[in-house]
Amino acid sequence: MTSVPVFAQIITQAVLPGDEEPPAKLLERIRAHQNPLAVLSDGAETESWSHAVLEQFGYMYSQAWPHVPSPAQVARWSALLRWTLRELREWHNEADPARHQLVAILRVTQYLSAGESLWPAMPSGLDQNEELITALARFVSGMGATICTPPGAPIHEEEAATRLQSLDAGSDWAALRHLLPKFLTLFLTTGFVVPQTVLSLHRYASARLSQAVANVGSTIAALQMASCLPITARLQLAIDCGNPRIRFAVMYVTLVAERNTGLLPADKKLLTHLLLDVAMDEPVWTAWMTAFNQPPIGALQESLGQALATAPDNAVHAYVDSVMLSISTHQRHGLVAQCLRAFSSAAPLPRRQLLWTAAHRRWVAWDFDAATPDRHLTELAFSELDYAIIGYSIECQTTEERDQAIQSIVQDLNASEYLWHASLSDVVTMRNRLLSRFQPYVHAISVIVQPKEWIFQGHYPLTDTRGDEYMRLMFRAR
Amino acid sequence: MPPRIHSQGIGPPRWSSADSRKDIARLLAPGLLGHYKTFEVINIVAFPPQQRTPLNILCLVVAEERDDAPVGWHFLNTNRIELKGLEGWSFGVMRYTKQILDLESDLLAFEQNGKWSASGDNLPLETLTAQPSQFVPPTTMDAVPLNHVLKNNFWNGSHVFEWTLKNKGALQPLFDDPPLIQALSTAVRAHVAIDLASLSDRLGNLLIQLPVTVLISSFAQAPSSGDFQVYVAWQPQTTPRPLRAAVELKNDGAILGYASATVQSSPTTLPANWARGLHRGALWDEENNVLLAATADSSFISTIVIKGQLLDPEPRVFLLRQRDGTLAPQRVGVLRIGFENRIGEPEDDENGGWTKQRLYNNELDKLKRQGRFFQYNPAAGEQATTHEEALQDIRGLLARHGEDGAYLWDPYLDAHDILGTLFFCQHASAELRALTNGDEPENAKGSHPKPTTDEEYVDASARYIAAQRAAFADSQSNFHGLRLEYRIRRGKQAGPGFHDRFLIFPKAGRGAVAYSIGHSINAVGTVHHIMQQVDNGQLILDAFEAMWRRLDQPEHLVWKHP
């Protein structure tokens, strides 16, 4: 028996007339505080609230728990939910100025969710309670969060916390992205108020949620909110709200923290939409490229490729500049190729030519890390931009230009061993660098002659009159 | 075999330019060493002041297989190279290429009139002396010095013919100030990978390099059996000829293995019971009696250890008191060894490690015998004796290396120390220099209050110099054969103080030799310390020269004779 029928059973019973069972012990504990909102950060106190519910209603089931609840248990939970629904419908500001009742309701919905999503299954109509919606929206818009370390914490933790605050204040998305993993998911365990408020608002007044988060000024709070929502909902929220903190948080949670390896087609579309919105803001887009494309993230690539097909020109340049070029002796640039393949399918020729040309310019200047002293190439190498270089050769070069590029490399190869070199490693490196440059152009010709995948494995050899074995021994090739 | 007698005396017949030319002509035969089509000339030249004819600094001729059209002479440096400290001189790196067929006629012309005119201009090289040919293998674990000036000698090796300039008088200004050679070398390396400073004895020479390219070879060790294997690939345009491969393994003065075989396939195995040691391989063309490849002393790596280090996220922090009394925060990243991987089995000697220990002891004894390592470890009450021993060791070094001069560099040096050391140098008119900081030894500290104002500083300096001069006067020496200058680091222009103590011989064996004394002369040998020759004598000399030149004002001179 899965949890869903039980969950549906509780809700079905709760909407019917019947007895209510208020969370008496919980209410008693919460009412013991003049201002319950002030004690939300007191872990021990909120833990006691959790125990109060458990004492009265027992452990709520979850999908992970194979226990099948008895009809009596289901009846008690239904009675609790019936109380909750009525309270939500009837809640008004004047009756609960200190929010004792509202805090108790949210604590109960957290209990009833038990790791699942209660709110999508909740009956409609609660949005009619404008005062409730307004109160929940105020909770959200007023949410802030700071991070600090306890006295005696290790120096590096204290420094990281301080740096996090500073980067957040400066909206330094690129640096934030690389600092946040230090905190793992510490700030994603957020108690009950944030998730229950955000989820309830999303269920009953998503437009009000968007408005409420528009001015959230803390990335940590934004991360907490983003992590409460399912992927589709959070992507939509990021698009709607326009708050760069929420947008960054949604990207971080979706692509980094949750390590999603793939997105549903609808989510990919939303992600493309979000990327296109951000691409209009050049500094933020550039920071995002550093944050989320260094190194490239699998779940981003297809949407990113789609977005680049229509994004402004400077966004294309920023993307190309963000690709982390590295030398690999085997083909491992699949993620970049995945993005560029999606781009290539969606973009018209002039746009493709724009990206291929920018990539080619960068690849030529990089020249397999030629600027790094003592960077030696013991074998032929591939690069992350190979797909774009082949695209450049096929779609930007004429036959003559392609032949000329190849001839120029061959000439340099022939001359290379007659230049003065300080070491054998230098000669071998120069030769391997030139042969690595040679590969995409030759593959492009091969693709033109017989259409095939642009990414290639293996090497195209260059014939030398001295014979293969002579060249193999001379250049210590395998 | 008794020495042969010829017209010039006893010994082998003198090698001539004609011998070199004929040998080169034989080796240039197509397909013998290579299929040469052109030759490249790199000629580093100097233009001394008021002299229109350039001086040859180094001329290297390399035979090559490239088939490009000849390139006329041109300078690789767009602006002439000028060296600070050698006013009026300039240098250039000239390059040109010619057809290989021209080489023989260029050599003949050189043989007949003593001028190298391959570029079309005459470069006077009359005073050069031809040397018999040599085979220069590529550099492996041991440096092969000539490779510092040869071109791309990375594969089989090269036959090299050299004409040497024995009288380097015209280049004396460079030898007088060795840092100039270093500066010239650095400037040349910006254009061509020639390291003049590493081979300054070759300045003024002409070299002809014939790299072996007709085949390519590689000596390797078979991973399973440990036997040697020789891989050979001929150029397709050459008919393979009979070759003999030989390899020798030596260790601890003994030949542990030798194998020779006709090369009939690639690889050819040279079976032997290979143990530890250094090996040398050679490939001999039996048909033409010529060496086609050789390796310098090499060895195979049997074990490597890879240690991965992780930076501890938590730094070490502390406050360090500054000279002004303030406390400055310090931060040190702490590295931890994350993992250690050993690949291969550690190789011990076959004698349970005893041979390795004996070789270590032998090496230590050898260094002591050669006067390159001295250790002083006085027992209580023996300090005076060991002090005298240490002074005797220094005097021994002066006798051995001090013919062309000796420089003593010690912050606590004083007249008494100089009398006990440099005055014992037996070599008449050897250039002796002494450089002090004028510091007081620990046991004398407080005898004079430390100067704090400029006036006190000048007074103290004058008092110190007067005392030093008085000490020399008190020695009642006749200063016979003595050429000594004694300077002190004083004043705002003098640069920072110094701490290390060195005894430097600027021209010992044509190169600088420096000893780290390890303690000040005034107490040398009285505590445990080591005096040893250091590897980079030239760099120590350069540092000394730089400081010596800075201290050239009258107030820096303590004493001088004559």
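Residues numbered from 1 in each chain as written. Chains lettered and ligands numbered in written order. Predicted model: local features only at pLDDT ≥ 70, side-chain atom pairs only at ≥ 80, totals over all residues. Heavy atoms only, no water.

Participant: Help me understand the overall build of chain A in this model?
Facilitator: Counting its secondary structure elements, chain A contains 23 helices and 0 strands. A globule of 478 residues ought to have a C-alpha radius of gyration of about 23 Å, yet chain A, at 30 Å, is considerably larger. Along the first, second and third principal axes, the C-alpha set of chain A runs to 95 × 50 × 40 Å. Taken across its 478 residues, chain A has 53% of its residues classed as buried. Across chain A, every contact between residues at least 6 apart in sequence was considered, and the portion connecting residues at least 24 apart equals 76%. Entry remark: accessible area of chain A is about 21,300 Å², with carbon and sulfur atoms responsible for 54%. Computed over 37 positive and 47 negative side-chain charges, the separation of the two mean positions in chain A equals 3 Å. (Helix = DSSP H or I, 4+ residues; strand = E, 2+ residues; numbered from the N terminus. Rg over C-alpha atoms; globule rule 2.2 N^0.38 Å. Buried < 20%, exposed > 50% of the residue type's maximum accessible area, 1.4 Å probe, protein only. Contact = heavy atoms within 4.5 Å. Areas by Shrake-Rupley, 256 points an atom, 1.4 Å probe, with all protein chains shown as cover. Lys, Arg positive; Asp, Glu negative; His and termini not counted. Charge placed at Lys NZ, Arg CZ, Asp CG, Glu CD.)

Participant: When you look at the sheet that holds strand β3 (residues 38–47) of chain B in this model, what are you seeing that I'm missing?
Facilitator: To summarise the sheet geometry, strands pair through backbone hydrogen bonds and adopt either a parallel or an antiparallel arrangement. Residue and element names in this part refer to chain B. Taken in spatial order, the 7 strands line up as β5-β6-β3-β4-β11-β10-β9 in an open sheet, and their pairing is mixed. The open sheet terminates on both sides in strands that have one partner only, identified here as β5 (74–75) and β9 (128–136). Pairing of β3 with strand β4 (residues 55–64), which is carried by 9 bridges, proceeds in the antiparallel orientation. Among the inter-strand pairings, Thr 38 is bridged to a residue of β4, identified as Glu 64. Each of β3, β4, β6 (90–99), β9, β10 (158–165) and β11 (205–211) touches helix α2 (residues 101–113); the most contacted strand, β6, lies at about 125 degrees to it. (Pairing = 2+ DSSP bridges. Axes fitted to C-alpha atoms, helices over the stretch in contact; angles between N-to-C directions.)

Participant: Would you take a moment to explain the packing of aromatic side chains for this structure?
Facilitator: To describe a pair of aromatic rings, one takes the distance between the centres and the angle between the planes. A complete count under the given rule lists 34 aromatic pairs over all chains for this structure. When the ring centre of A:Phe192 is taken as origin, the NZ or CZ atom of A:Arg107, which lies over that ring, is 5.4 Å away. Its end group placed over the ring of B:Phe47, B:Arg80 keeps NZ or CZ at 4.1 Å from the ring centre. (Phe/Tyr/Trp six-rings, centres within 6.5 Å; stacked < 30°, edge-to-face > 60°. Lys NZ or Arg CZ within 6 Å of the ring centre and 35° of its normal.)

Participant: Which parts of the structure should I look at to understand the confidence of the model for chain B?
Facilitator: Caution is warranted with low-pLDDT regions, since their predicted coordinates should not be read in detail. Residue and element names in this part refer to chain B. Per-residue confidence for chain B gives a mean pLDDT of 85, with 88% of residues at or over 70. Looking across chain B, the model is least confident in strand β1 (residues 5–6), with a mean pLDDT of 43, and most confident in β11, with 97. Here residues 1–7 scores under 50 on pLDDT; set against residues more than four positions off or in separate chains, the count is 12 contacts. Both scores are available for the predicted complex, with the pTM at 0.79 and the ipTM at 0.74. (pLDDT = per-residue confidence, 0-100.)

Participant: Would you mind going over unusual backbone geometry with me for this structure?
Facilitator: Of note, the bond from A:Gln294 into A:Pro295 is cis; its omega dihedral lies within 30 degrees of zero at 0 degrees. Secondary-structure assignment places A:Pro295 in the loop between α15 (282–292) and α16 (298–308). Here the amide bond leading from B:His561 into B:Pro562 is cis, since omega sits at -5 degrees, within 30 degrees of zero. Take B:Pro562: it is sitting in the segment after β30 (557–561). A positive phi angle is found at A:Asp374, which is not glycine, with a value near 60 degrees. Mapped onto the elements, A:Asp374 comes out in the loop between α19 (349–366) and α20 (386–395). Even without glycine at this site, B:Ser429 takes up a positive phi of about 60 degrees.

Participant: Even after reading the chapter, I still don't get the confidence of the model for chain A, so can you show me in this structure?
Facilitator: Confidence in the prediction for chain A averages 90 pLDDT; 95% of positions are at 70 or higher. Within chain A, the lowest mean pLDDT, 76, falls on helix α1 (residues 3–14) of chain A, and the highest, 98, falls on helix α17 (residues 313–322) of chain A.

Participant: Sorry if this is basic, but what is going on with the interface of chain B and chain A here?
Facilitator: Many structure descriptions define interface size as the accessible area lost when the parts assemble. Listed by partner, the interface residues are 32 residues for chain B and 23 residues for chain A. Contact between chain B and chain A buries roughly 2,200 Å² in total, counting both sides, with carbon and sulfur atoms accounting for 65%. Our count for the chain B to chain A interface comes out at 1 salt bridge. The partner of B:Arg331 in a salt bridge is A:Glu159, with the nearest N and O atoms 2.6 Å apart. There are 11 residue pairs in polar contact (both at pLDDT 80 or more) connecting chain B and chain A. Considering every element that reaches the side of chain B that touches chain A, the biggest residue donor is strand β13 (residues 228–234) of chain B, with 4 residues. (Buried area = accessible area lost by both parts, 1.4 Å probe. Salt bridge = Lys/Arg side-chain N within 4 Å of Asp/Glu carboxyl O. Polar contact = N/O pair within 3.5 Å; in protein donor to acceptor, adjacent residues only side chain to side chain.)

Participant: Before we go on, may I ask you to explain the packing of α16(A) against helix α18 (residues 334–346) of chain A in this structure?
Facilitator: Any two packed helices are characterised by how steeply their axes cross, that is the angle between the axes, and by the distance between the axes. All names here are of chain A. Their axes nearest at 7 Å, the elements α16 and α18 cross at an angle of 30 degrees. Between α16 and α18, the angle is such that the two are roughly parallel. Note on packing geometry: the crossing formed by α16 with α18 is right-handed. Taken together, the residues of α18 that come into contact with α16 (itself represented by Gly 298, Gln 301, Glu 302, Leu 304, Gly 305, Gln 306 and Leu 308) are Leu 335, Val 336, Gln 338, Cys 339, Ala 342, Phe 343 and Ala 346. The residue makeup of the contact of α16 with α18, split by class, is 8 nonpolar, 5 polar and 1 charged. (Parallel < 35°, antiparallel > 145°, perpendicular 65-115°, else oblique. Left-handed = near helix turned anticlockwise from the far one by under 90°. Nonpolar A, V, L, I, M, F, W, Y, C, P; charged D, E, K, R; others polar.)

Participant: How should the packing of α18(A) against α19(A) be read in this particular structure?
Facilitator: Residues and elements named next belong to chain A. Interhelical geometry of α18 versus α19 gives an angle of 150 degrees and a closest axis separation of 9 Å. Comparing their axes, α19 and α18 come out roughly antiparallel. Once α18 is placed against α19, the crossing between them reads as left-handed. Along the contact surface, α18 presents Leu 340, Phe 343 and Ser 344, while α19 presents Arg 351, Arg 352, Leu 355 and Trp 356.

Participant: When you look at the pattern of salt bridges in this model, what are you seeing that I'm missing?
Facilitator: As a working rule, side chains carrying opposite charge can pair if their charged atoms are close by. One pass over the structure, following the stated rule, counts 40 salt bridges over all chains. The salt bridge partner of A:Glu417 is A:Arg466, with a shortest N-O separation of 2.7 Å. Taken together, the residues span a long stretch of sequence, with A:Glu417 in the loop between α21 (399–416) and α22 (424–449) and A:Arg466 in the loop between α22 and α23 (468–474) at a distance of 49 residues. Classification of A:Glu417 as buried rests on a relative accessible area of 9%. The closest approach of N and O atoms between B:Asp285 and B:Arg241, which form a salt bridge, is 2.8 Å. Linking B:Asp285 in strand β17 (residues 278–285) with B:Arg241 in the loop between β13 and β14 (243–251), this pair joins segments that are 44 residues apart in sequence. Owing to a relative accessible area of 0%, B:Asp285 belongs among the buried residues under this scheme.

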